[in-house]
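So you can see what is in the structure, the chains are spelled out below.
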Amino acid sequence: MKTPALALLLLLSPALVLAQQEVDRASNNSPTPSNNQLERVSVTRQQTDTDLRRREPVAKQLYGRDELDKYGDTQLSDVLKRLPGINVSGGQLRMRGLGGAYTQILVNGEPAPPGFSLDNLNPAQVERLEVSKAPTADQSAQAIAGTLNIILKDAPRVVQKDLRLGMAYASEKPVINAGFTYGDRVIGGLGFVLPINVQQWNFVNENEGDRVRDRGLTGLRNSGRDRSFGQGFNMAPRLNWKLGDDETLSVQGFFIQNRFRSEGSNTTEVLFADPATPSKSVLPPSLLDTTRNRGTFSAQRVNLQYNNRFGEDRRIELRAGAGSGGADFNSGFFGRNKDGTPAIDRLTTGENRNRNTTLSGKYSQYAGDAHTVTAGAELERRTRDESRRTQQFDYRKADPKWEDLLTGVEGQPFNATITRSALYAQDEWEINPQWSAYAGVRHEQIKMASEGASSQFASTSKVTTPLLHLNFKPDPKGRDLVRASLTRSYKAADVQQLIARPTVNTDYEVRGPNARINTELGPDRIGNPQLKPELATGLDVAYEKYLPAGGLISVGVFHRRITNLIRTDRPRLMTVDYADTQRYVITQINLSKATTQGLELEVKGRAGELFPSLFEPSTNLNLRASLNLYRSTVADIPGPDNRLEGQQPWQFNFGADYRFKSLPINMGFSAQIAPEFDVRQSVLQSQTSLASRSLDAFAAMQVSKQDSVRVSVNGLFQPQQGTRVVIIGTPDYNLNRRDPVPWWAVNWEHKF
């Protein structure tokens, strides 16, 4: 971001607050006759997210209902993108600039179900979010970048009946969302909560792109429009049963059902081609294209948890769970020539079904006055059955008919079985009033096996991860902390990376008289069943200063050393059994090593506490800002820019919330900024990601004791987004851009 723009953003909050005054706090409306009353107020304040964070034995950021409800979001991804050190790209969660399997997503402490998307979950179903930057022994160590643990709603202590209705608009027509939550505790120690949500979505993207390929012989320009729309239903019921003073049983359900559709059009213009060498200058099979896609996604999971405390020093926790889900889709592609005559018709159909079961147990015991020792075990089994078929009708042939795109592969079912087991032990040790430690070790094993055409493989990975977390209080009676962690984590290859079934670039025909060799910029893809898990040794150090009025200043650094890095290999010209010509093919391989390190700064609190010379102590303005600087290096790829894929060099978040004194209105905004950056992906290929910035804002009004109205907007002032991929040493490149649109919403909430 340019310096003037950053300066303008920093000036927004002071300009706002100087025009406003803080509303009187409730605590000032009642007398405080003694110091004892002040102490009771302090204890209540310790239940805030910041104070819960301070009391955690390991470094962890906690976000509760205040953050989840603030903007009236209907998708959890919109909440997450505003949190420090997190960004969401294409629905994918990224921590410390790293996405994919580098960032672990848990639901109630267990791996998220297959196919789970952050867009599937409404924040109204979530109790709190836990963000950990370093792993712990009682959770999977597949978290090189960190872990997001989504805690679903628990049964309330008092009756809860909420109704939410909303309308949103991004493109063409408005969509609706609705949610209802009913929770209560009844006679006999039973408590329950039933959150239900329904939502619609409708997005339109205008996109454009330029391509130069065939080593500079062909130049293409495309422009198009995509529309994605659909509706979804989800609920997360929970039942708690208090069997005794120290014995509880709970059942947690999680159900999602989505129907989605998309349609698009694309026009390709041939800027230049070499007519003298038509075998090398290859035009796409069609220039006027339309696409459509429709399908469903569902997921169901039920978990049973039993807790029992034996006396004052022993506790046992047992869990069992089962889930299923899947998706089906039907995608069509119809391409025409420049004059509108048919060129090619392609249809892809498929479905997948997932099933999983989990068992786990944990036993904890106090060992003297200073130690809490815990041991546990986990077992999970997942199966996936999938089938996929692509057929095409090529009008360019003398005798066109429906044919399989890949003979002998299309329509052939395949399955995969994943078995994960783990054993762990940990010790939480209160060394003295200044020092505390958390030490643990976890051994985890993952077995994968698959059967089917072009997909047979078996893989086993075993990882032992020692963990050490230290906390130091410079002042034993103070609140400030220095935290340090020395941990090991890993990233296992997923099934799609291991399966050798090819995915072809359909711009270059694979069979018949029109068969052509593809290019290095448009290769086919296959998996690699020989991939090993990536291993990372990490060091995290942070200083957390907790301010008297609830503010926080945190400065942290981290370093990760990664071995067996999984990265896409250079395109290689190969003879393959699915094509009449040789093809350029890419796969993923294990490189030697990589390192990543960074600096993380976070500040939040009341304006009067953070800047006492600029704001009155009573000013009811809360400020927050975070700056994250990242650097990484991949050893086996030449520089410059040989960083880990997708990791931006820096990210800046800034926001403010204000509550009026004379009106029942509160408002706020949040800005996210990241620069344009380059990544050298391989010896031959480099990618540029365009700069991103976004502004979210909201205004909420309490209409009555039971009713409130909230207006919000997500994604203001976004520039064009996209990527540019180039082949080193050639004029070939591929540039894709799209114009994002903001999402406007109004929501009404009624509490019965």
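This report concerns the structure included in the present document. Please read all numbers here as calculations on a predicted model, not as lab measurements.

We now examine the packing of aromatic side chains. The full count for this structure, using the stated rule, is 13 aromatic pairs. Plain terms: the ring middles of Trp435 and Phe472 are 4.7 Å apart, the flat faces sit at 40° to each other, and that makes the pair tilted. With Trp435 in strand 20 (residues 435-452) and Phe472 in strand 21 (residues 457-472), the pair connects residues that are 37 residues apart, well separated along the chain. Among the residues examined, Phe472 registers a relative accessible area of 23% and is labelled partly exposed. Connected via pairs of aromatic rings, a cluster forms that spans Phe393, Tyr395 and Trp402. Here the guanidinium or amino end of Lys491 rests over the ring plane of Tyr102, the centre of that ring lying 5.1 Å away.

Pairing is possible between side chains of opposite charge, provided their charged atoms come close. For the structure shown, the criterion picks out 58 salt bridges. Note that Arg96 is salt-bridged to Asp540, the shortest N-O span being 2.9 Å. A residue pair is termed long-range when its members are at least 10 positions apart, and Arg96 in the loop between strand 3 (92-95) and strand 4 (103-107) and Asp540 in strand 24 (residues 534-546) qualify at 444 residues. In this structure, Arg96 and Asp540 share a single accessibility class: buried. Taking the shortest distance from any N to any O, the salt bridge between Arg511 and Asp580 comes out at 2.8 Å. In this pair, Arg511 sits in the loop between helix 6 (495-498) and strand 23 (524-525) while Asp580 sits in the loop between strand 27 (572-574) and strand 28 (583-586), placing the two residues 69 residues apart along the sequence. Classification of Asp580 as partly exposed rests on a relative accessible area of 46%. What emerges from the salt-bridge pattern is a single network uniting Arg65, Asp69, Asp162, Arg164, Glu749 and Lys751.

Counting 38 residues, the largest nonpolar core has Leu76, Leu80, Leu129 and Ile150 as the members making the most contacts within it. Broken down by secondary-structure element, the contributors of at least two residues to this core are helix 5 (76-80), strand 3, strand 6 (126-132), strand 7 (146-152), strand 13 (247-272) and strand 14 (288-310). Beyond its immediate chain neighbours, meaning those up to four positions away, Leu129 contacts Gln61, Leu62, Tyr63, Leu68, Leu76, Val79, Leu80, Leu83, Leu148, Asn149 and Ile150.

Moving on, we come to the environment of Ser171. With respect to the element layout, Ser171 can be found in the loop between strand 8 (160-169) and strand 9 (175-186). Considering only alpha carbons, one finds Ser171 and Asn642, 471 residues apart in sequence, at a separation of 38 Å. Not counting chain neighbours up to four residues away, the residues in contact with Ser171 comprise Asn202, Phe203, Val204 and Val741.

Moving on to the sheet that holds strand 6. Reading across from one edge, 1-6-7-4-5 is the order of the five strands in this open sheet, with mixed pairing throughout. Each having just a single partner strand, strand 1 (60-63) and strand 5 (110-111) make up the two edges of the open sheet. Pairing of strand 4 with strand 7 involves five bridges; the strand directions are parallel. By the bridge assignment for strand 7, Val107 is matched with Ile150.

The rules behind these values
- Residues numbered from 1 in each chain as written.
- Predicted model: local features only at pLDDT ≥ 70, side-chain atom pairs only at ≥ 80, totals over all residues.
- Heavy atoms only, no water.
- Phe/Tyr/Trp six-rings, centres within 6.5 Å; stacked < 30°, edge-to-face > 60°.
- Helix = DSSP H or I, 4+ residues; strand = E, 2+ residues; numbered from the N terminus.
- Buried < 20%, exposed > 50% of the residue type's maximum accessible area, 1.4 Å probe, protein only.
- Lys NZ or Arg CZ within 6 Å of the ring centre and 35° of its normal.
- Salt bridge = Lys/Arg side-chain N within 4 Å of Asp/Glu carboxyl O.
- Core = buried A, V, L, I, M, F, W, Y, C linked by side-chain atoms within 4.5 Å.
- Contact = heavy atoms within 4.5 Å.
- Pairing = 2+ DSSP bridges.

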